[in-house]
Amino acid sequence: MSQQANRTALLGKKLGMSQVWDENGFFVPVTLVDVSTNVVTAVKTEETDGYKAVQLGYGQIDPTKVTKPLAGHFAKAGVTPRRHLVEVRTENVDEFTPGQELTAELFAEGAQVDVTGTTKGKGFAGTIKRWGFASYRRSHGSHKNERRPGSVGACATPSRILKGKRMAGRMGHVTSTVQNLTVVSSDVENGILAIKGAIPGPKGSIVLVRSAVKGA
């Protein structure tokens, strides 16, 4: 529970990468994240739900495209419907109320954050691209073996391929978290966070920015 104590978070949209200068005149690569429309849609407590968490909503959506149960959920919180919802476990739920708007002010310049997103999908990939396997030799009589994975299982024992065997398959489009990134700048007026380095996902994808669980 100590890892979840007083964690703050914002949902945002990855706008792309840019670069800024630091105090020494060096370029610093940054990723810009739009966090302008975050709102608290629900607060979960031990008494009513059995755990402590805050539900965040992000992004506008046409109210006619929301199901009736969700429409009632948003109406109870007193907010307009939001396209994306996420729950964040935290101990300081008393500091939040339904309908409360959250801005980039939560993360000041220099803050350490963890960013979670969905990586880019690469489609079906072989073992060399997906797992970094070495290719076979391209000489001395080898025939169409350059990118084959080789043996994948035993004969009599265990007479099957074990689960988790690294093989060809769909690559990417998985949830990934990058930890201990630094907030280079926090534009509260425009709702933009500039985070040092790269974060998972393509431009326009939804990411979750949370205060670093490991600290720095």
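What counts and what doesn't
- Here the residue numbering is sequential within each chain, running from 1 through the sequence in written order.
- In keeping with the model being predicted, local features are shown solely for residues with a pLDDT of at least 70 and side-chain atom pairs are shown and tallied solely at 80 or more, while totals for entire chains, interfaces and linings include all residues.
- Values reported for side chains reflect all heavy atoms of the structure, with hydrogen atoms and water molecules removed beforehand.
- Strands were regarded as paired on the criterion that DSSP finds at least two bridges between them.
- Helix and strand definitions follow DSSP, with helices as H or I runs of at least four residues and strands as E runs of at least two, each counted in order from the N terminus.
- Throughout, an axis means a line fitted to C-alpha atoms (over the contacting stretch in the case of helices), and angles, computed between N-to-C directions, take values from 0 to 180 degrees.
- Cavities and pockets are defined on a 1 Å grid built over the protein atoms alone: a cavity is a set of grid points where a 1.4 Å probe fits but cannot escape, while a pocket is an open set with protein on both sides within 12 Å along at least five of seven lines, and lining residues are those with an atom within 4 Å of any such point.
- Grid points are joined across faces, edges and corners, and a volume is the space filled by probe spheres set on the points.
- Three classes are used: nonpolar for Ala, Val, Leu, Ile, Met, Phe, Trp, Tyr, Cys and Pro, charged for Asp, Glu, Lys and Arg, and polar for all others, with Gly counted as polar.
- For patch detection, residues must exceed 30% relative accessible area and be free of salt bridges, and they are connected within 9 Å for like charges or within 5 Å for nonpolar side chains (Val, Leu, Ile, Met, Phe, Trp, Tyr).
- Each accessible area value is a Shrake-Rupley result obtained with a 1.4 Å probe; residue values ignore everything except the protein chains displayed when judging cover.
- The salt bridge criterion pairs a side-chain nitrogen of Lys or Arg with a carboxyl oxygen of Asp or Glu, the two atoms within 4 Å.
- Two residue types count as positive, namely Lys and Arg, and two as negative, namely Asp and Glu; His and chain ends fall outside the count.
- Charged groups are reduced to one reference atom each: NZ for lysine, CZ for arginine, CG for aspartic acid, CD for glutamic acid.
- Only protein chains enter the calculation, and the probe is 1.4 Å; a residue is then buried if its accessible area is under 20% of its type maximum, exposed if over 50%, and partly exposed in between.

*Asks:* Report on the sheet that holds strand β12 (residues 206-211), specifying residues and quantitative values.
*Replies:* Ordered by their spatial adjacency, six strands build a closed barrel running β1-β2-β11-β10-β7-β12, and the pairing between neighbours is antiparallel. With direction set aside, neighbouring strand axes in the sheet form an average angle of 50°.

*Asks:* Can you break down empty space enclosed by the protein residue by residue, with the values?
*Replies:* The method is simple in principle: a probe with the dimensions of a water molecule rolls over the atoms, and the space it marks as empty is what remains. Applying the stated criterion across every chain yields a total of one cavity of 30 Å³ or more. Size it by volume and the largest cavity reaches roughly 60 Å³. Residue lining of the largest cavity: Arg7, Thr8, Ala9, Val54, Leu56, Val88, Thr90, Phe96 and Leu102, and that is the complete set. Taken together, the residues of the lining of the largest cavity sort by class into six nonpolar, two polar and one charged.

*Asks:* So what's going on with a negative patch on the surface? Residues and values would help.
*Replies:* Taken together, the side chains of Glu46, Glu47, Asp94 and Glu95 make up a negatively charged region of the molecular surface. Take Glu95: it is sitting in the loop between β5 (82-89) and β6 (101-102). For Glu95, a relative accessible area of 55% corresponds to the exposed category.

*Asks:* Which residues make up the layout of surface pockets, and what are the values?
*Replies:* By volume, the largest pocket amounts to about 160 Å³. Val20, Trp21, Asp22, Glu23, Val28, Glu109, Gly110, Thr182, Val183, Val184 and Lys196 together form the lining of the largest pocket. For the lining of the largest pocket, the secondary-structure elements that each account for two or more residues are β1 (9-21) and β10 (175-187). Examining the composition of the lining of the largest pocket, we find that three residues originate from one element, β10, more than from any other. Partitioned by chemical class, the residues of the lining of the largest pocket number five nonpolar, two polar and four charged.

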